[in-house]
Amino acid sequence: MAARTNDPGPVLFSYGFRPFFLGACLFALLAIPVWLLIWQGGLEYNGPFPATDWHIHEMIFGYGAAVVAGFLFTAVPSWTSRMPARGWPLALLFGLWLLGRLAAAGWLGLTALGVMAVDCAFLAAVIAMIAREIIAGENWRNLKVLVPVTLLGAANACFHIEAMTTGAADVSRRLGIAVLIFLIMLIGGRIIPSFTRNWLAQRGAARMPVPFGTFDAVTLVFGAAALLAWTAAPWAAVSGALLLAAGLLHIMRLARWRGLAALPDPLLLMLHLAYALVPAGLVAAGGVPFGMLEAAAAAHILGIGAIGGMTLAVMMRAAMGHTGRPLVAGPALTIAFMLLLGAAAARIAGGAELAAGLDGFTVSSGLWTAGFALVLLKIGPWLVTRRIGREQVSGKPARTPS
């Protein structure tokens, strides 16, 4: 344990959220314009997947996995009261994530099996490190978070295997999205009511969000069942019915968290809006078997809207809180989140022209990229510099300890 208490070295590797949130934002900023160029024929892709699969894989298991790792390596120390992973172990883990991105892009010259080995090693290492911390801290109740993270790792392996054996990762695409959505249901259901309760308590509100209970458990079970049905048979009527039912239940769940009371606080409101896109995506996917919406549009409501929106909102809040900044979104980050919501809306239009000769694909890509550019400009410097003290936030001199 001695190494865990030594100087962690560069600030970037002093806490899990720093490298992984920075890496995720940079990757999100670059990957979508690159994909648009590949899709339009302006850039050639020579990786191990079909081009569309590369895009889907990298947004789920590249971007999404980085945010999950950053969140967990920041949350677990508070759960276990142990020192966070930092210094060279964290740097090596981040390097493993980067190798996965290079391998998936075809830049390491590996075989398909070699790419799978390198890429899957990252989530395997994350699972092992998180399990060690939770077990060592005897924080048994949080072991359950390992289940969806392990499923995410398994979905990644399945993605590679399916692409190698069938030529396209059809089922595994949906499985990866489903696991991330379930993580949002699980973790979002924990942090959103908690943050809202704290905010309302500070303002002396009488009504608080309804605490987790039987209704939430039933809603999670329905959500898991609907996502599994969607993964296996997205065009089946029974899958559509399950998705519609799960969507309605999650609308009711969200309504119990007093989101409308959070209107004066954009940073808190972002979490509620992002979670709202979970039931929106479930309902949209549920409408696909009945001809109400295209499958790709429904998947992007879940992908860009729910996953993109929730990960962005969590990264913003965590970066502020853990670097000593006040929990205030400000104009830049508020606009960034709105651009992301616009990207989700534009993607629903698909190939239809929206404005100035630009179709929904191009507009959505531009809005997503602009949003993450704003986020990087704002929080990027926070992630690579040391935490500021309260006196720097408030402008007051520091108190000398008595």
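Let us look at the structure shown here.

## Here we look at the nonpolar core
Right, on to step 1. Core analysis: the largest hydrophobic core is formed by 120 residues, its most contacted members being I181 and F372.
Right, on to step 2. Broken down by element, the residue count for this core peaks at 17 residues, all from helix 3 (residues 51-80).
Right, on to step 3. Not counting the four nearest positions on each side in its chain, F372 is found in contact with C25, A28, L29, Y63, L312, M315 and L340.

## Digging into the environment of A104
Right, on to step 1. The residue A104 is located in helix 4 (residues 88-104) in this model.
Right, on to step 2. Residues A104 and A66, spaced 38 residues apart in sequence, show a C-alpha to C-alpha distance of 15 Å.
Right, on to step 3. Excluding residues within four positions of it along the chain, A104 makes contact with Y45, G47, P48, F49, W54, E58 and V115.

## Considering unusual backbone geometry
Right, on to step 1. Located in the positive-phi region is R258, a residue other than glycine, with phi close to 60°.
Right, on to step 2. Its place among the elements puts R258 in the loop between helix 9 (237-255) and helix 10 (266-287).

## Observations regarding helix 10
Right, on to step 1. Taking 1.5 Å per residue, 22 residues should reach 32 Å; helix 10 reaches 31 Å between its end C-alpha atoms and fits that length.
Right, on to step 2. Where burial is concerned, most of helix 10 is hidden: 17 out of the 22 residues are buried.

## Quick word on empty space enclosed by the protein
Right, on to step 1. In this structure the tally under the stated criterion is 3 cavities of 30 Å³ or more.
Right, on to step 2. What the largest cavity holds in volume is close to 220 Å³.
Right, on to step 3. If you trace the largest cavity, you find 15 residues lining it, with V68, L183, I184, I187 and T311 closest to the centre.
Right, on to step 4. Mapped onto the lining of the largest cavity, the elements with two or more residues apiece are helix 3, helix 7 (170-202) and helix 11 (295-322).
Right, on to step 5. Looking at the lining of the largest cavity, the element that brings in the most residues is helix 7, giving 6 residues.
Right, on to step 6. Class assignment of the residues belonging to the lining of the largest cavity gives a composition of 13 nonpolar, 2 polar and no charged.
Right, on to step 7. Its boundaries defined by the atoms lining it, the second largest cavity holds a volume of some 50 Å³.
Right, on to step 8. For the second largest cavity, the lining is made up of 10 residues, of which V76, P77, P84, A85 and E133 are closest to its centre.
Right, on to step 9. Residue assignment for the lining of the second largest cavity shows that the elements contributing at least two residues are helix 3 and helix 5 (112-136).
Right, on to step 10. Of the residues in the lining of the second largest cavity, the class split is 7 nonpolar, 1 polar and 2 charged.

Reading the values: rules and limits
Residues numbered from 1 in each chain as written. Predicted model: local features only at pLDDT ≥ 70, side-chain atom pairs only at ≥ 80, totals over all residues. Heavy atoms only, no water. Core = buried A, V, L, I, M, F, W, Y, C linked by side-chain atoms within 4.5 Å. Buried < 20%, exposed > 50% of the residue type's maximum accessible area, 1.4 Å probe, protein only. Helix = DSSP H or I, 4+ residues; strand = E, 2+ residues; numbered from the N terminus. Contact = heavy atoms within 4.5 Å. Expected span 1.5 Å × (residues − 1). 1 Å grid on protein atoms, 1.4 Å probe; cavity = no way out; pocket = protein on both sides within 12 Å on 5 of 7 lines; lining within 4 Å. Points joined across faces, edges and corners; volume = space filled by probe spheres on them. Nonpolar A, V, L, I, M, F, W, Y, C, P; charged D, E, K, R; others polar.

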